[in-house]
Amino acid sequence: MAVVAAAAHRKLQQPSSLFCWRRRQPLGLVLLLAVAAAAFGVFMLLGKQHFPWQPWKHHNSHNATALHHLHTVYLDDHLRQEIPGLTCPYQSFSDLSPSDRLHLELPDNEQMKQSTRTSSFTSSNSNFNNKLTLVCCTTTAGPWNLVVRHSWAPHGASRFLQMVSQNYFLQVPLMRCVSNWICQFGLAGLRSDEWASKIPDDSQWLKVEDHDENGSNSSSNHIHFHTGYFGYTGYGPKTRGRQFFVALSNENQLGKEVYEVPWAELIGSHSFETLSQVYTGYGEDGPDQDKMLLPNAHEYVLREFPNLDYITGCSIVDET
């Protein structure tokens, strides 16, 4: 009887065959792995459909380095993912270095006279004197701060700041960057259509009206764009709209056309360091601008021009 009782006790201690892990372990592992594989497949399928710009696919050394400095990655028109990294050092005018603060505290007209950029300023710009807007833009090359000077080009400044306020500059390719000249940007697929309208011209204050001793215009008196100045691209009067450029050097021969009037400038050594890191390898052989307006513009750029840098976000951080 004692033997029977002991055997019965051991049987009660043994788990039932339905939940026996020891007996079901191989089947359980197989089922678990199958479910995990199916979930991963669904995630990747949805990722291709809803997240066309997948920065983890940028495996070349240029973009891999840039992603370490990325603050905001644009994933689609309605979703952004914050990634730890560097943002703009200047989040307000009080953050500026002493030299940058001195540069901006000079009245606009006095600063222009001291630099011989212009001999006069039109009355239409007088209401905008001393108004400055500090903008932070993150790019795949690093962060840059720019100061929008409303007195330089009121219409040009207003359009850019409107686009910033509407979060337009999310995954905007720096699409035409030519070494020692300019870097052009602004087109970003179908959402560019909203900003296709043209804005009025601003006075070209870079155009110095001095004449040489023979009474003719002297090209040596013409003040060109400085490195880090921003302007609009165009092809004549009243053609500015949604495309911009930043000068990559002082020797650029810009400022002769009415649409090339500057409206902002980079501020801070970090901004100029970023500018020097922007990829210029494609030069004039960058993306086709017509294709940059199509629904698949992002996929086209990533496929054909994988080394391009991007503006990943811009925001207004301070105003005077």
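Check the entry above for the structure.
The structure contained in this document is the topic of the report that follows. (Residues numbered from 1 in each chain as written. Predicted model: local features only at pLDDT ≥ 70, side-chain atom pairs only at ≥ 80, totals over all residues. Heavy atoms only, no water.)

Thoughts on the overall build of the protein chain
In step 1: Helix and strand counts for the protein chain stand at 8 helices and 10 strands.
In step 2: Burial analysis of the protein chain (320 residues in total) assigns 45% to the buried set. (Helix = DSSP H or I, 4+ residues; strand = E, 2+ residues; numbered from the N terminus. Buried < 20%, exposed > 50% of the residue type's maximum accessible area, 1.4 Å probe, protein only.)

Regarding the sheet that holds strand 3 (residues 132–139)
In step 1: Pairing is antiparallel in the closed barrel, where 8 strands are placed in the order 3-4-9-7-8-6-5-10. Averaged over neighbouring strand pairs, the angle between their axes works out to 35 degrees when direction is ignored.
In step 2: In the sheet, strand 5 (residues 172–177) pairs with strand 6 (residues 182–185) via 3 bridges, with the strands oriented antiparallel. When the bridges of strand 6 are listed, Leu 174 appears paired with Phe 185.
In step 3: Here helix 6 (residues 154–165) sits on the sheet and contacts strand 3, strand 4 (142–149), strand 7 (229–232), strand 8 (244–247) and strand 10 (310–319); the angle it forms with strand 10, its principal contact strand, is near 110 degrees. (Pairing = 2+ DSSP bridges. Axes fitted to C-alpha atoms, helices over the stretch in contact; angles between N-to-C directions. Contact = heavy atoms within 4.5 Å.)

Let's talk about the state of the cysteines
In step 1: Throughout the structure, instances matching the rule amount to 3 disulfides.
In step 2: The residue that forms a disulfide with Cys 88 is Cys 136, at a sulfur-sulfur distance of 2.2 Å. Taking the torsion about the S-S bond as the criterion, the Cys 88 to Cys 136 disulfide, at about 90 degrees, is right-handed. Of the two residues, Cys 88 sits in the loop between strand 2 (79–82) and helix 4 (98–105) while Cys 136 sits in strand 3, which places them 48 residues apart along the sequence.
In step 3: The residue that forms a disulfide with Cys 177 is Cys 183, at a sulfur-sulfur distance of 1.9 Å. This pair shows no difference in class: Cys 177 is buried, exactly as Cys 183 is. (Disulfide = S-S within 2.5 Å.)

A short note on the pattern of salt bridges
In step 1: Counted by the stated rule, this structure contains 4 salt bridges.
In step 2: One salt bridge in this structure joins Glu 265 and Arg 149, with 2.7 Å as the shortest N-O distance. Taken as a pair, Glu 265 in strand 9 (residues 264–267) and Arg 149 in strand 4 lie far apart in primary sequence, 116 residues in all.
In step 3: Residue class for Glu 265 comes out buried when judged on its relative accessible area of 6%.
In step 4: In this structure Arg 149 comes out as buried when scored by relative accessible area, which is 0%.
In step 5: Notably, a salt bridge pairs Asp 202 with Arg 240, separated by 2.8 Å at the nearest N-O pair. Residue Asp 202 is found in the loop between strand 6 and strand 7, and its partner Arg 240 is found in the loop between strand 7 and strand 8; the two are separated by 38 residues along the sequence.
In step 6: On the basis of relative accessibility, which here comes to 0%, the residue Arg 240 falls in the buried class. (Salt bridge = Lys/Arg side-chain N within 4 Å of Asp/Glu carboxyl O.)

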